[in-house]
Amino acid sequence: MHFRREKYYPLGGPDGGDGGRGGSIYFEATIDLNTLIDYRYRQQFKAEPGTPGAGQKMHGAKGEDIILSVPCGTIIRDGETKELVGDLTEIGQRVMVARGGRGGLGNVHFATSTRQAPKESQKGEPGEERWLLLELRLIADVGLVGYPNAGKSTLLSVVSAAHPKIADYPFTTLEPNLGVVEGGQPRYGDGYSFVMADIPGLIEGAAQGVGLGHEFLRHIRRTRVLLHLVDGSALDRDPWEDFLAINRELRDYDEELGQRPQLVVYNKMDLPEAQERWPDFKKKAEAAGYRVFGISAAAHQDVDELINETSRLLNEIMRDEAERAATQVISDLRENEGPVLRPQAADAFTVLKVEDGVFVVSGKRVERMVSMTDPESEEGMDRLQVQLEKMGVTKAIEEAGVKVGDVVRFNKTELIWGE
Ligand SMILES: Nc1nc2c(ncn2[C@@H]2O[C@H](COP(=O)(O)OP(=O)(O)OP(=O)(O)O)[C@@H](O)[C@H]2O)c(=O)[nH]1
Ligand SMILES: [Mg+2]
């Protein structure tokens, strides 16, 4: 609220400008993040409020926005309604999750021909406040990695209905292929299906962009288990050295990817070259602490055992994930004890007598109306009364048995019921 003050205008009119809008909160997808771990540790974010308006009809400045980074593939849902708020798949994609409140109107707006010196101004609209659920979508449960020509696409074609291109030269696969695998042993009740991703072969330097690897490593970043395929038959190379080299690339690209659970798959066991070197490879892999399988993808030899073990490992990992998530939810609930909110129509409200002489009115719109009214302003309070009457709030409070002198609470504002 402000009045014009100038030397030759002793009775200057109202000239208080509007307040600035509060900052808003956005989520933005970025390539730089891989997990949502940051949001485990910090869960509350508040954008800056706008600044007040000033004389000479000056608007207040807008509050600073907050932009929160999340990895690509993040799904954002409303914490109460579970409604989808955003599905951020592309780098740089952005969604607003909480809008800053509009600034209140300055008294310049409240002048009329009969009210030339309005002492009324409006408080700012409260900003939006909400809980959100963030979830990072996996691309596949299982990722296939290994040198070109190791037989990754062959394995995918054998265990799923996918038909990737297979050929006897490196870099046959140019795009990731996905297949659904029926895992486990249904008759024991532990069967379920999972998604397997086949990516182009990796070579030394893949983490730095050599070959096709780099672009595709990001796809397997979001898998739960890796099957690491090794070609046991290629006499010009050492299978164990190949295995170590690929693991170095994975680690170089992303420390976490290097730690991902791996099953080692020594392929082409139908060929004598592979059989010959198998005992040595097996010994080294087991000594290094890996579960290792000798299979022939092409001859479908010992593939079932590998898939059963993959399925078992996945089950175990998902059970752990579920347990961790449940523990997290419980500790979140403990930290944020409070009333459970229910979605309601904007105009809906409830009146509750909480004790003798104290009533609580709750409802999105009614609370907002009250909080935007300056209780010091008689004119503002008059206007509020008309609005409450119109919405039926006054009647509801009366029906709840209010008496003169009782307290009526609207969120943080308490009003005394008068004549
Ligand atoms: N003998 C034998 N050959 C196999 C086996 N598995 C795959 N091959 C052959 O190995 C070659 C490469 O197989 P792919 O499945 O295309 O290998 P890949 O790992 O997907 O290769 P890239 O896509 O180039 O990385 C093909 O000629 C396959 O027929 C196997 O178990 N035994
Ligand atoms: Mg392939």
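Look above for the structure.
Reference entry: report on the structure contained in this document. (Residues numbered from 1 in each chain as written. Chains lettered and ligands numbered in written order. Predicted model: local features only at pLDDT ≥ 70, side-chain atom pairs only at ≥ 80, totals over all residues. Heavy atoms only, no water.)

A short note on the sheet that holds strand β14 (residues 358-362)
Consideration 1: In space, the 4 strands of this open sheet follow the order β13-β14-β15-β16, with mixed pairing throughout. Here the strands that pair on one side only, and so sit at the sheet edges, are β13 (350-355) and β16 (413-416). In this sheet, neighbouring strand axes are inclined to one another by 25 degrees on average, regardless of whether the strands run parallel or antiparallel.
Consideration 2: As paired strands, β14 and strand β15 (residues 407-410) are joined by 4 bridges and run parallel to one another. Of the residues in β15, the one forming a bridge with V360 is R409. (Pairing = 2+ DSSP bridges. Helix = DSSP H or I, 4+ residues; strand = E, 2+ residues; numbered from the N terminus. Axes fitted to C-alpha atoms, helices over the stretch in contact; angles between N-to-C directions.)

So, the packing of aromatic side chains
Consideration 1: For the structure on display, the rule yields 8 aromatic pairs.
Consideration 2: Here the aromatic rings of F243 and F281 are separated by 6.3 Å at their centres, their planes lie at 80 degrees, and the arrangement is edge-to-face. Of the two residues, F243 is situated in helix α4 (residues 239-253) and F281 in helix α6 (residues 272-287); the sequence distance between them amounts to 38 residues.
Consideration 3: On the accessibility criterion, F281 (2% relative accessible area) is buried.
Consideration 4: Each member of the aromatic cluster is reached from another via a ring pair, and the members are W240, F243, Y266, W278, F281 and Y290.
Consideration 5: One residue, R94, lies across the ring of Y26, its end atom 5.5 Å from the ring centre. (Phe/Tyr/Trp six-rings, centres within 6.5 Å; stacked < 30°, edge-to-face > 60°. Buried < 20%, exposed > 50% of the residue type's maximum accessible area, 1.4 Å probe, protein only. Lys NZ or Arg CZ within 6 Å of the ring centre and 35° of its normal.)

Observations concerning the nonpolar core
Consideration 1: Judged by nonpolar contacts, the single largest core of 24 residues is most densely connected at L155, M196, L227, I295 and L306.
Consideration 2: Of all elements in the fold, only β7 (142-146), α2 (152-159), β9 (192-198), β10 (225-231), β11 (262-267) and α7 (303-335) reach the threshold of two or more residues within this core.
Consideration 3: Per element, the largest residue contribution to this core is 6 residues, and it comes from α7.
Consideration 4: Setting aside its immediate chain neighbours within four residues, M196 contacts A140, V142, L144, L156, V159, N177, L178, G179, V181, L227 and I307.
Consideration 5: In this structure, L384, V393, L415 and W417 belong to the second largest nonpolar core, which totals 15 residues. (Core = buried A, V, L, I, M, F, W, Y, C linked by side-chain atoms within 4.5 Å. Contact = heavy atoms within 4.5 Å.)

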